[in-house]
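# Coordinate analysis (summary)
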Amino acid sequence: MLPVEKRMLIKVANMYYYDHMKQVDIAKRLGVERTTISKYLKKAFDHGIVKIVVENGNYEELEVAMERRFGLKEVYIVPRSYDLLAVKQNMARAGLNLLRRIVAPNQVIGLSWGTTIRELVNLSAQERLPKSKFNLVPLVGGPENINSEYHVNTLCYQFSRAFDAQCQYLYAPAITRTAEIRQAIMQDANYEKISAFWEKLNIGIVGIGAQVKSSNLIWVGDFGREAIESLYKTGAVGEICSIFFDKNGKEVKTDFSERTIAVDLDKLRNLDYSIGIAASREKVTAISGALHGHIINVLITDELTAKLLLNE
């Protein structure tokens, strides 16, 4: 194998496994066909440049260490992987296993939105789940410019079908254009109905976004450059349900705090189960803030993220 060929295989493997780029995007950047990238990845594996390691999945000691360190009710750890989608799917499976045990009729369960929550909902459609007549409610409004499959109302509807549960809908954006619009929405009958369910919440299921790169709001394009730059000045390290918080888990005031439609973080702090599902090196600071602020009391994450949290 020529050195230049090995160099290209290493480059492609890094872009695919470390940078999580799609094969079609790698092909565009390198000026080749997508099928060529697929062949490069296979050759990288055949020549030992890429190696697959299967973890044993026994993380009991690590889970206990996390529970003691952060005062958590439970921690579920899944194997680390260069494939971020695989990590999200494994976390979704862990989430469903937990819900099988803790859900009960007449409970009120809240759901946020995002790619990880999407995997949880996708898996629920494939699993045999207990039929539980609970009420499922959105914990935050849904951006208007997002693909419908990620919209919180869509996720709630599909998740409720898997459990044969009752579904409620929130007809409001996550961030309104003005504070006056938010005030008007809060006086609407639909918001009053949802907020009444928030008062009765038993379980909350949320993703955790990093300050900028992994925030759902930035992912869907709700924030422009000026808004992003303003976040740096607030001390925000992460967000849950479109509400930003600092390293101690305290909510920070932003330019859009008075325009946010979402459950209060204090509501999540007082739930029987406030379940956070998140993993990745870039989210460690955000997850740490949520843990120190006791916004969540159950964490589902991967091995790498857990070890980084313990070694802060």
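Going along each chain's sequence as written, the residues are numbered from 1 onward. Where local features are concerned, this predicted model is filtered to residues with pLDDT of at least 70; where side-chain atom pairs are given and counted, the filter is 80 or more; whole-chain, interface and lining totals use all residues. In computing side-chain values, all of the structure's heavy atoms are included and hydrogens and water are not.

## Remarks on the pairing of strand β10 (residues 298-302)
Convention followed: Any residue under 20% of the maximum accessible area for its type is buried, any over 50% is exposed, and the rest in between are partly exposed; the area is computed with a 1.4 Å probe on protein chains only. A run of DSSP states H or I qualifies as a helix once it reaches four residues; a run of E qualifies as a strand once it reaches two. Both are numbered from the N-terminal end. When DSSP finds two or more bridges between a pair of strands, those strands are recorded as paired. Here, the term right-handed applies to a crossover whose path from the first strand over the helix to the second runs clockwise when the strands point away from the viewer.
In terms of burial, β10 is a largely internal element, 5 of the 5 residues being buried. Residue alternation in β10 divides its side chains into two sets, Val 298, Ile 300 and Asp 302 and Leu 299 and Thr 301, and both sets are buried. Relative to β10, strand β1 (residues 74-78) runs parallel, the two being bridged by 5 bridges. Looking at β10, one finds that Glu 74 is bridged to Val 298. Examined bridge by bridge, strand β9 (residues 273-277) and β10 share 3 bridges and lie parallel to one another. Paired with Ile 275 across the bridge in β10 is Val 298. A crossover links β9 with its parallel partner β10, the connecting element being helix α13 (residues 284-292), and its sense is right-handed.

## A word on the sheet that holds strand β8 (residues 243-245)
The cut-off we apply is this: Here a residue-residue contact requires only that any non-hydrogen atoms of the pair lie within 4.5 Å. With axes taken as lines fitted to C-alpha atoms, and helix axes fitted only over the stretch in contact, angles between N-to-C directions fall between 0 and 180 degrees.
Reading across the sheet, the 3 strands line up as β6-β7-β8 and stay open at both edges, with antiparallel pairing between neighbours. Single-partner strands in this sheet number two, and they are β6 (209-210) and β8. Bridge count between β6 and strand β7 (residues 238-240): 2 bridges; the pairing is antiparallel. Bridge pairing in β7 links Gly 209 to Glu 239. Along the sheet face, α13 touches β6, β7 and β8 and points at about 90° away from the line of β8.

## Side note on the sheet that holds β1
What links the strands of a sheet is backbone hydrogen bonding, and the strands pair in either a parallel or an antiparallel sense. With parallel pairing, the 7 strands of this open sheet are ordered in space as β1-β10-β9-β5-β2-β3-β4. Of all the strands in the sheet, just β1 and β4 (166-167) have a single pairing partner and so form its edges. Relative to strand β3 (residues 135-138), helix α7 (residues 152-163) is tilted by about 165°, and along the sheet it contacts β2 (108-111), β3, β4 and β5 (203-207).

## Points about the side chain of Asp 246
Put simply, the test is: Charge counting treats Lys and Arg as positive and Asp and Glu as negative, with His and both chain ends excluded. Each salt bridge in this description consists of a side-chain nitrogen of Lys or Arg and a carboxyl oxygen of Asp or Glu lying within 4 Å of one another. Nitrogen and oxygen atoms within 3.5 Å of one another constitute a polar contact, given that in protein one can donate a hydrogen and the other can accept it, and given that sequence-neighbouring residues count only through two side-chain atoms.
The residue Asp 246 is located in the loop between β8 and α12 (265-269) in this model. Lys 250 is the oppositely charged side chain nearest to the buried, salt-bridge-free Asp 246, at an N-O distance of 6.3 Å. In this structure the side chain of Asp 246 is engaged in a polar contact, spanning 2.9 Å, whose partner is the backbone nitrogen of Asn 248. Residues in contact with Asp 246, not counting those within four places in the same chain, are Gly 235, Ala 236, Val 237, Val 252 and Gly 289.

## Considerations on the pattern of salt bridges
Using the criterion set out here, one finds 7 salt bridges in the structure. Residues Asp 164 and Lys 133 are paired through a salt bridge, measuring 2.9 Å at the closest nitrogen-oxygen approach. One end of the pair, Asp 164, is in the loop between α7 and β4; the other, Lys 133, is in the loop between α6 (115-124) and β3, with 31 residues separating them in the sequence. Note on Lys 133: relative accessible area 44%, which makes it partly exposed.

## What about the pairing of β9?
Extensive coverage of β9 is indicated by the burial of 5 of its 5 residues. Here β9 shows a buried face lined by Tyr 273, Ile 275 and Ile 277 and a second buried face lined by Ser 274 and Gly 276. As paired strands, β5 and β9 are joined by 5 bridges and run parallel to one another. Across the sheet, Gly 204 pairs through a bridge with Ser 274, a residue of β9.

## Digging into the environment of Lys 200
Tracing the backbone shows Lys 200 in the loop between α9 (189-198) and β5. Owing to a relative accessible area of 56%, Lys 200 belongs among the exposed residues under this scheme. A sequence separation of 92 residues divides Lys 200 from Val 108, and the C-alpha atoms of the two residues are 6.3 Å apart.

## A closer look at the packing of aromatic side chains
To keep things clear, this is the line we draw: Each aromatic pair joins two rings of Phe, Tyr and Trp (for Trp, the six-membered one) with centres within 6.5 Å, and gets the label stacked for planes under 30 degrees apart, edge-to-face for over 60, and tilted for any other angle.
Under the defined criterion, the tally for this structure stands at 7 aromatic pairs. Taken together, a centroid distance of 4.9 Å and an interplanar angle of 90° make the contact between Tyr 16 and Tyr 17 edge-to-face. A residue is classified by how much of its surface remains accessible, and Tyr 17, at 25% relative accessible area, is partly exposed. With a centroid separation of 6.3 Å and an interplanar angle of 35°, the aromatic rings of Tyr 169 and Tyr 171 are classed as tilted. These aromatic residues form a ring-pair network of at least three members: Phe 134, Phe 159 and Phe 163.

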